[in-house]
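Fold and contact review
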Amino acid sequence: MKRFYAILTILFICLSTACAKGRSTKQGAANMKIKIEVTSESGGHSLTATLADNSSAAAFYALLQKGPVEIQMHDYASFEKVGSLGTSLPRNDRQITTCSGDIILYQGNQITIYYDVNSWNFTQLGKIDAISQAELKKILGKGNITAVFSVNE
């Protein structure tokens, strides 16, 4: 049993290290930043995120330049909040392991905010800036949330 816990701990450390090293979220010479206003059971919170360097993130940013996008999100599998974008964006799916704070495009028309780890074929849209997993879990709460995505000006 001790061996199982030791292996589990090593796996967790490896995944945490991979998340800490992160994936590049720079868009050319300038970072594309967005704002996310979250309303949950714990109240209202304002977050910022840096978008990834891909055509999906660029299309998402272009959509947000037309005006804020409000998404009703629900908890899924105790590691993400997910909701319908209401439109489709180009997909750049690849096998990735998500980290807390990742903003993911799923199936081209669903937006997810991860607060824990998951591996699948996804398109990364961006990453929430400067927030710990514990802080993000507290902000997102256990129930449904409303997230308003907008250009960070």
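Before reading further, recall that the structure is shown in the block above.
Calculation criteria
Residues numbered from 1 in each chain as written. Predicted model: local features only at pLDDT ≥ 70, side-chain atom pairs only at ≥ 80, totals over all residues. Heavy atoms only, no water. Salt bridge = Lys/Arg side-chain N within 4 Å of Asp/Glu carboxyl O. Helix = DSSP H or I, 4+ residues; strand = E, 2+ residues; numbered from the N terminus. Buried < 20%, exposed > 50% of the residue type's maximum accessible area, 1.4 Å probe, protein only. Arc of directions from axis to C-beta. Polar contact = N/O pair within 3.5 Å; in protein donor to acceptor, adjacent residues only side chain to side chain. Core = buried A, V, L, I, M, F, W, Y, C linked by side-chain atoms within 4.5 Å. Contact = heavy atoms within 4.5 Å.

Pairs can form between side chains of opposite charge once their charged atoms are near each other. Applying the stated criterion to the full structure yields six salt bridges. In this structure, Asp-93 engages Arg-91 in a salt bridge whose closest nitrogen and oxygen atoms are separated by 2.6 Å. In this structure, Asp-116 engages Lys-137 in a salt bridge whose closest nitrogen and oxygen atoms are separated by 3.9 Å. Here the residue Asp-116 occupies a position in the loop between strand E7 (110-114) and strand E8 (119-128), and Lys-137 occupies one in helix H3 (residues 133-140), the gap between them amounting to 21 residues.

Spacing of three or four residues puts side chains on the same side of an α-helix, whose turn is 3.6 residues. Residues of helix H2 (residues 55-65) that are buried include every one of Ser-56, Ala-57, Phe-60, Tyr-61 and Leu-64, and no others. For H2, the angular spread of buried residues about the axis comes to 135 degrees, placing them on one side. Sitting at the amino-terminal end of H2 is Asn-54, which places a side-chain oxygen 3.0 Å from the backbone nitrogen of Ser-56. The first or second residue beyond H2 is Gly-67, which carries a positive phi of 150 degrees.

Okay, the nonpolar core next. Grouped together as the largest cluster of nonpolar side chains are 32 residues, with contacts concentrated most on Ile-34, Ile-36, Phe-60, Ile-111, Ile-128 and Phe-149. Apart from the residues lying within four places of it in its own chain, the contact partners of Ile-36 are His-45, Ser-46, Leu-47, Ala-49, Ile-103, Ile-128, Ala-147, Val-148 and Phe-149. Counting residues in hydrophobic clusters, the runner-up holds five residues, among them Phe-79, Ile-96, Ile-104 and Tyr-114.

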